[in-house]
Amino acid sequence: LLAEFPEIRKLGVKTAYTLYKGIKFTHLTNNGVLYISLPDEERKLFMKKYKDQFIGPLGNIKKGFVRIPESLLKNTNELKVYFKMSYDYVKAKDKK
């Protein structure tokens, strides 16, 4: 997936994540669970579509993030749309 976005690089040793100017917008746990940050409206639609009530990696609700279901991990074309949306969202935060 990251090969589609050469300007973004993966960080982290035990867990992988991506940052834009210090703001994390994706997080891949060592269990292979991917979380991404989405704008409020898109996050609500995503959670409704995938019937997900986000619980974070440590059991806490991580505001602004959604858990990517396994079915979406296998559909890289659709996942790419959400990844780009997350990246654009964090870049827009920087402009505020």
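Residues numbered from 1 in each chain as written. Predicted model: local features only at pLDDT ≥ 70, side-chain atom pairs only at ≥ 80, totals over all residues. Heavy atoms only, no water.

Engineer: Provide a residue-level description of the overall build of the protein chain, including the pertinent values.
Structural biologist: When you go through the protein chain residue by residue, the secondary structure sums to three helices and four strands. Listed N to C, the secondary structure of the protein chain is β-β-β-α-β-α-α in terms of helices and strands. Looking at the 96 residues of the protein chain, the share that counts as buried comes to 33%. Residue pairs at least 24 apart in sequence account for 48% of intrachain contacts in the protein chain once pairs closer than 6 positions are excluded. Summing over all exposed atoms, the protein chain offers an accessible surface of approximately 6400 Å²; the carbon and sulfur share of this is 53%. (Helix = DSSP H or I, 4+ residues; strand = E, 2+ residues; numbered from the N terminus. Buried < 20%, exposed > 50% of the residue type's maximum accessible area, 1.4 Å probe, protein only. Contact = heavy atoms within 4.5 Å. Areas by Shrake-Rupley, 256 points an atom, 1.4 Å probe, with all protein chains shown as cover.)

Engineer: Can you tell me about the environment of E42, naming the residues and giving the values?
Structural biologist: Relative to the helices and strands, E42 is located in helix 1 (residues 40–49). Taking the C-alpha atoms as reference points, E42 and Y82, 40 residues apart in sequence, are found 9.1 Å from one another.

Engineer: Account for unusual backbone geometry, naming residues and giving values.
Structural biologist: In this model, K21 sits at a positive phi of 50°, which is unusual for a non-glycine residue. Here K21 is to be found in the loop between strand 1 (16–20) and strand 2 (23–28). On the basis of relative accessibility, which here comes to 60%, the residue K21 falls in the exposed class.

Engineer: Describe in detail the pairing of strand 2, supporting the description with residues and values.
Structural biologist: Where strand 1 lies against strand 2, five bridges are found, and the strand directions are antiparallel. From the neighbouring strand, T18 faces strand 2, where its bridge partner is T26. Where strand 1 hands over to strand 2, the hairpin turn is made up of two residues, of which K21 adopts a positive phi near 50°. In textbook terms, the turn of a hairpin is the stretch between consecutive antiparallel strands, and for strand 2 and strand 3 (residues 34–37) this stretch comprises five residues, one of which, G32, has a positive phi near 85°. (Pairing = 2+ DSSP bridges.)

Treat this as a map of the structure, not an account of what it does.
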